[in-house]
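Below are the chains, spelled out letter by letter.
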Amino acid sequence: MSWEWFNIIGTVAFVISGAVIAMEEEYDLLGVVVLGMATAFGGGILRNILLGIPLTAFWNQGTLFTIALVSMFIVFVLPHKYIGYWNRWGMFFDAVGLSAFAIQGAMYATQMNYPLSATIVAAVLTGIGGGIIRDVLAGRKPLVFKEEIYAVWAMVAGLAVGMKWATSVPELYALFVAVIVCRMVSVYRGWKLPRRSLRQTAAPSPIRPLNNRM
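Residues numbered from 1 in each chain as written. Predicted model: local features only at pLDDT ≥ 70, side-chain atom pairs only at ≥ 80, totals over all residues. Heavy atoms only, no water.

Points about the overall build of the protein chain
Phase 1 of the analysis: Summing up its helical and strand segments, the protein chain has eight helices and zero strands in all.
Phase 2 of the analysis: Helices (α) and strands (β) of the protein chain occur, in sequence order from the N terminus, as α-α-α-α-α-α-α-α.
Phase 3 of the analysis: Among the 214 residues that make up the protein chain, the fraction classed as buried is 45%.
Phase 4 of the analysis: Contacts in the protein chain between residues far apart in sequence, at least 24 positions, make up 77% of those at least 6 positions apart.
Phase 5 of the analysis: Surface exposure of the protein chain reaches about 12,800 Å², of which carbon and sulfur atoms provide 65%. (Helix = DSSP H or I, 4+ residues; strand = E, 2+ residues; numbered from the N terminus. Buried < 20%, exposed > 50% of the residue type's maximum accessible area, 1.4 Å probe, protein only. Contact = heavy atoms within 4.5 Å. Areas by Shrake-Rupley, 256 points an atom, 1.4 Å probe, with all protein chains shown as cover.)

So this is what it looks like as structure tokens:
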């Protein structure tokens, strides 16, 4: 049951994220559907490829597809003033999707008896893969590689599940809340991973003396 709830929570959170960004980029209804579905299911597809799961399993999610489509159409017809609340709460829902999908991906790997390394990678791909695909399709640089700490919290979720620190339903929900809190704290505190740029500042052009006129 917890697995199903994590699936639903992550799907709704990410599909709304994709739909709102598509509308910000002034995509039509088809673009909203494509971007929303890519955000919600792209990470799971990448995880399935990693774990060797046939892609045909992707189509056996009729209920989730329905939930995703209904969520997108609700967002699409909402008045602008309600969509504007996404600017306030969008980061929170994105954190909800990250936590839910990371835990769901880690649980998927552990139930298939994959080692810890695969569990962590599965958590990361499921948690951030859809967001990366969303940003690429929207013509944006993937924020996961430039902004606040993001993928690290998916790795923490994968580590906790892979090490059996969270196995029971209460422990999984506690981990779910903990990842959300850590993500939001890192946003408001501005925590970032070390970064080194190889871009060189252009040297100022030399000042040439004016020729004296005779």
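A closer look at helix H7 (residues 151-162)
Phase 1 of the analysis: If you check H7, its first and last C-alpha atoms are 16 Å apart, about what twelve residues at 1.5 Å a residue would give, namely 16 Å.
Phase 2 of the analysis: Of the positions making up H7, those classed as buried are Ala-151, Trp-153, Ala-154, Ala-157, Gly-158, Ala-160, Val-161 and Gly-162.
Phase 3 of the analysis: Positive phi shows up at Lys-164, right after H7, with a value of about 65°. (Expected span 1.5 Å × (residues − 1).)

Concerning the nonpolar core
For soluble globular proteins, the rule of thumb is that nonpolar side chains tend to be buried together.
Phase 1 of the analysis: If you look at the biggest cluster of nonpolar residues, it comprises 50 residues, and the most contacted ones within it are Phe-41 and Ile-103.
Phase 2 of the analysis: At the level of elements, helix H1 (2-24), helix H2 (29-51), helix H3 (62-77), helix H5 (86-111), helix H6 (116-137), H7 and helix H8 (169-189) are the ones that each hand at least two residues to this core.
Phase 3 of the analysis: Looking at this core, the element that brings in the most residues is H5, giving nine residues.
Phase 4 of the analysis: Here Ile-103 is in contact with Phe-6, Ala-157, Val-161, Leu-172, Leu-175 and Phe-176, once residues within four sequence places are set aside. (Core = buried A, V, L, I, M, F, W, Y, C linked by side-chain atoms within 4.5 Å.)

Quick notes on the packing of aromatic side chains
Phase 1 of the analysis: The full count for this structure, using the stated rule, is two aromatic pairs.
Phase 2 of the analysis: With 5.3 Å between their ring centres and 85° between their planes, Phe-14 and Phe-101 make a pair best called edge-to-face. Within this pair, whereas Phe-14 is found in helix H1, its partner Phe-101 is found in helix H5, the two being separated by 87 residues in sequence. Across the pair, exposure class does not vary: Phe-14 and Phe-101 are buried alike.
Phase 3 of the analysis: With a centroid separation of 5.0 Å and an interplanar angle of 70°, the aromatic rings of Phe-41 and Phe-65 are classed as edge-to-face. (Phe/Tyr/Trp six-rings, centres within 6.5 Å; stacked < 30°, edge-to-face > 60°.)

Some remarks on the environment of Asp-135
Phase 1 of the analysis: You can see Asp-135 is positioned in helix H6.
Phase 2 of the analysis: Take Asp-135: its relative accessible area is 4%, and that puts it in the buried class.
Phase 3 of the analysis: Put simply, Asp-135 and Gly-18 are 117 residues apart on the chain and 8.7 Å apart in space, counted from C-alpha to C-alpha.
Phase 4 of the analysis: Leave out the neighbours within four places in its chain, and Asp-135 touches Ile-21, Arg-140, Lys-141, Pro-142 and Leu-143.

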